[in-house]
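Single-letter residue listing:
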Amino acid sequence: MGAINRRQAFLLGGGLVALTLMPMTADAEPSNDAAELIKKFTGGKEAASGKISLDLPEIAENGNTVPLSLTVDSPMTADNYVKEVLFVADGNPNGGVATLMFSPLSGKAEASIRIRLAQTQNVIAVAKMSDGSLFTERKTVKVTIGGCGG
Amino acid sequence: MVARYDSLALLTAVALVLSGFAASGQEAERKGIPAPPGHVFKTIISGYEYRSKETRALQDDDLENPGFLAIERATDMWKTVEGSEGKSCMSCHGDAETSMKGVGAAMPKWSEKLNKPVNLEQQINICRSEHMKAEPWAFKSQQLTDMTAFVRNQSRGMPVTVKTDGPMSPWFEKGKQIYYTRVGQLDLACASCHEQNNGKFLRADFLSQGQSNGFPTYRLRDQRLIPLHERFEGCMFDVRGVPYKPLSDEFLALELYVAWRGIGLPVETPSVRN
Amino acid sequence: MADRPRIKLPKEAKQGEIIQIKTLVSHLMESGQRKDAQGKTIPRKIINKFTCEFNGKAVFACALEPAISANPYIQFDARVDEAGTFKFAWTDDDGTVITAEEKITLKA
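To keep things clear, this report deals only with the structure shown in the data block. (Residues numbered from 1 in each chain as written. Chains lettered and ligands numbered in written order. Predicted model: local features only at pLDDT ≥ 70, side-chain atom pairs only at ≥ 80, totals over all residues. Heavy atoms only, no water.)

Helices and strands together make up the secondary structure of chain B, namely eleven helices and nine strands. Evaluated residue by residue, chain B yields a buried proportion of 56% over its 274 residues. Nonlocal contacts in chain B, meaning residues at least 24 apart in sequence, comprise 69% of its contacts between residues at least 6 apart. Only carbon and sulfur atoms are counted for the fraction: they give 54% of the accessible area of chain B, which is about 11900 Å². (Helix = DSSP H or I, 4+ residues; strand = E, 2+ residues; numbered from the N terminus. Buried < 20%, exposed > 50% of the residue type's maximum accessible area, 1.4 Å probe, protein only. Contact = heavy atoms within 4.5 Å. Areas by Shrake-Rupley, 256 points an atom, 1.4 Å probe, with all protein chains shown as cover.)

On to the pattern of salt bridges, then. One pass over the structure, following the stated rule, counts 25 salt bridges over all chains. Ionic pairing is found between Arg6(C) and Glu72(B), a salt bridge with its closest N-O pair at 2.7 Å. Placement of the pair is Arg6(C) in strand β1 (residues 6-8) and Glu72(B) in helix α3 (residues 67-78), with the two residues belonging to separate chains. Among the residues examined, Arg6(C) registers a relative accessible area of 12% and is labelled buried. Close ionic contact of Arg4(C) with Asp76(B) constitutes a salt bridge, the shortest N to O distance being 3.2 Å. Of the two residues, Arg4(C) is situated in the segment before β1 and Asp76(B) in helix α3; the pairing between them involves two chains. Taking relative accessible area as the criterion, Asp76(B) reaches 32% and is therefore assigned partly exposed. (Salt bridge = Lys/Arg side-chain N within 4 Å of Asp/Glu carboxyl O.)

Attention now moves to the sheet that holds strand β9 (residues 271-273) of chain B. Residues and elements named next belong to chain B. Judged by pairing direction, the sheet is mixed, and its three strands sit side by side in the order β8-β7-β9 without closing on themselves. Of all the strands in the sheet, the pair left with one neighbour each is β8 (224-226) and β9. Neighbouring strand axes in the sheet, compared pairwise and without regard to direction, differ in orientation by 40 degrees on average. In this structure, strand β7 (residues 217-219) lies alongside β8, joined through three bridges in antiparallel fashion. In the strand pairing of β8, Arg219 is matched with Arg224. (Pairing = 2+ DSSP bridges. Axes fitted to C-alpha atoms, helices over the stretch in contact; angles between N-to-C directions.)

All names here are of chain B. An ideal rise of 1.5 Å per residue puts 16 Å on twelve residues; α3 measures up with 17 Å between its terminal C-alpha atoms. Extensive coverage of α3 is indicated by the burial of nine of its twelve residues. Residues of α3 that are buried: Gly67, Phe68, Leu69, Ala70, Ile71, Arg73, Ala74, Met77 and Trp78. (Expected span 1.5 Å × (residues − 1).)

The next point concerns the interface of chain A and chain C. Contacts between the two partners involve 27 residues from chain A and, on the opposite side, 28 residues from chain C. Summed over both partners, the interface of chain A with chain C buries about 2200 Å², with 51% contributed by carbon and sulfur atoms. It is Leu105(A), Arg114(A) and Arg116(A) in chain A that bury the most area against chain C; as a group they hold 35% of the surface buried on that side. Our enumeration of links across chain A and chain C arrives at zero salt bridges. At the surface where chain A touches chain C, the tally comes to 18 residue pairs in polar contact (both at pLDDT 80 or more). Of the residues contributing to the side of chain A that touches chain C, the split by class is 13 nonpolar, ten polar and four charged. (Buried area = accessible area lost by both parts, 1.4 Å probe. Polar contact = N/O pair within 3.5 Å; in protein donor to acceptor, adjacent residues only side chain to side chain. Nonpolar A, V, L, I, M, F, W, Y, C, P; charged D, E, K, R; others polar.)

This part covers the interface of chain C and chain B. Where the parts come together, the accessible area they lose is often given as the size of the interface. With 15 residues of chain C in contact, the opposing surface of chain B contributes 13 residues. Summed over both partners, the interface of chain C with chain B buries about 1300 Å², with 49% contributed by carbon and sulfur atoms. Area buried by chain C at its contact with chain B is led by Arg4(C), Arg6(C) and Leu24(C), which between them contribute 46% of it. Taking the shortest distance from any N to any O, the salt bridge between Lys8(C) and Asp61(B) comes out at 3.6 Å. Scanning the region where chain C abuts chain B turns up ten residue pairs in polar contact (both at pLDDT 80 or more). A per-class count over the side of chain C that touches chain B returns five nonpolar, five polar and five charged.

This next bit is on the packing of aromatic side chains. The full count for this structure, using the stated rule, is 19 aromatic pairs over all chains. For the pair Phe60(C) and Phe76(C), a centre-to-centre distance of 4.6 Å together with 5 degrees between the ring planes defines the contact as stacked. Of the two residues, Phe60(C) sits in strand β5 (residues 57-64) while Phe76(C) sits in strand β6 (residues 73-80), which places them 16 residues apart along the sequence. The class of Phe60(C) is buried, set by a relative accessible area of 3%. The exposure class assigned to Phe76(C) is buried, which follows from its relative accessible area of 1%. Ring pairs connect the aromatic residues Phe102(A), Phe50(C), Phe54(C), Phe60(C), Phe76(C), Phe86(C), Phe88(C) and Trp90(C), which therefore count as one cluster. A cation sits over an aromatic face here: Lys128(A) above Phe41(A), 4.4 Å from the ring centre. For Lys174(B), the ring lying beneath its charged end belongs to Trp171(B), and the centroid distance is 5.6 Å. (Phe/Tyr/Trp six-rings, centres within 6.5 Å; stacked < 30°, edge-to-face > 60°. Lys NZ or Arg CZ within 6 Å of the ring centre and 35° of its normal.)

Moving on, we come to unusual backbone geometry. In this chain, Met107(B) is followed by Pro108(B) through a cis amide linkage whose omega measures 0 degrees. Tracing the chain through its elements places Pro108(B) in the loop between α5 (96-99) and β3 (109-111). In this structure, Pro216(B) follows Phe215(B) across a cis peptide bond, with omega equal to -15 degrees. Its identity is not glycine, yet Met29(C) carries a phi of approximately 50 degrees, on the positive side. When you line up the elements, Met29(C) lands in the loop between β3 (17-24) and β4 (47-54).

Residues and elements named next belong to chain B. Relative to the assigned elements, Leu228 resides in helix α10 (residues 228-238). Residue Leu228 is classed as buried on the basis of its relative accessible area of 10%. Along the primary structure Leu228 and Glu255 are separated by 27 residues, whereas in three dimensions their C-alpha atoms are 7.8 Å apart.

With respect to topology, six strands assemble into an open sheet ordered β2(A)-β4(A)-β7(A)-β6(C)-β3(C)-β1(C), the strand pairing being antiparallel. Strand pairing shows two members of the sheet lacking a second neighbour, β2 (52-55) of chain A together with β1 of chain C, which therefore form its edges. For this sheet, the mean inter-axis angle between neighbouring strands, taken without regard to orientation, is 15 degrees. Bridging between strand β4 (residues 66-72) of chain A and strand β7 (residues 109-115) of chain A involves seven bridges; their strand directions are antiparallel. Within β7(A), the position partnered with Leu70(A) by the bridge is Ala111(A).

Listed below in structure tokens is the structure:
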């Protein structure tokens, strides 16, 4: 068979479309209100890195249900505990994800939730401690769109 | 014929390109069970083994598995009287834990009365219309999917054991024929993905053997339980074909044949898949 | 949507022990981003707040946005200083509140 037939041409086209649609890198533009939400939460103060550890898949099997676990390093005593943790996602239609409120009775600053991510993007956590200090951490989650699981 | 092989090769090439970003964990050894003599696979592998560690974790703990919300709803429904006969499922079957044990693992099964195989959804509706004199539930309704999952769940851990001989034999052959028939604009058969290319990526999808032991399954995509025939419909739609109707003879034959392809696999209902 | 929430925690704990609590509640978490077959936006309807208290004292709470998956799963910890009752509440956008209680005793 010399010349490409119609079916082959169609499939080749399909293959190229598939390649163009592939989310290859985490270059989602922070187009939503994530930055404003962080600013509101921190009062414009700088958040330091450290203390927070985020457990998120590197590649989400499906963006509709992405398991997220958080651990903040804190003794969780009456005078030294994590008060609140803000979660935002910078590539969703809205930046807000959840705000967790801990107390000394929490015992540990640990929690797990499941979130929706519309595309490859960053999930950002900001923790506010009882002394007012702030910490932040972020992770990129690749979200594949299209195909049977899309 | 040449064109057909070429197109599959092309799709496989696409799959290979995409397999470059394989997730860790998905390359791990996949455990399975040895297939009986004459089977298409050497090792029969559940879809569980093809999923990421995060997705498997959702299935590993019954409290974390959202499919159990359905099991709990159906536990209540099992005892609920409906229809003009004043009966519930329990009125005839008693405790589901004993009466339904093994039932879901052996479906579809032959019905002498209807002279054809019936699957679990159909049997539940036969019970409702004939014995309870209640309205049958629509396919894809939450009630029917919940109850199907509940009955299947009573066989969790038990091996899939469908009968394919005797009067089932022509249905098995019909199912096999459907499995190997290319359909849709993409010209793919069930076998193109799930027999020849399982363990590889097709676009963003990591292809499994297409086993049915976990159905109805909680799909992360839909965030609800999906019955097997809805998944069949989805596959046919994805290859841009015209799907058969849920509970049609075609899908019933396919359900029987696919169950045989997974013979011996433990029932996982409600499983968690992408 | 009046399903019972699913909750897992130990029946008893040593005084001062930190226990893990897992909760799962049935809810569509309609994001307000989806459109129906006619192209009309389906209005947002989510669980927007979850609280857990123990003997009347706040243990853990969270404010939830539409980016939370359907059938919200929330896992957290609690320090048990005394025997008592955990109270859980999920608040829907429409104002309805799903509640549940679990008792815990102290190990001798």
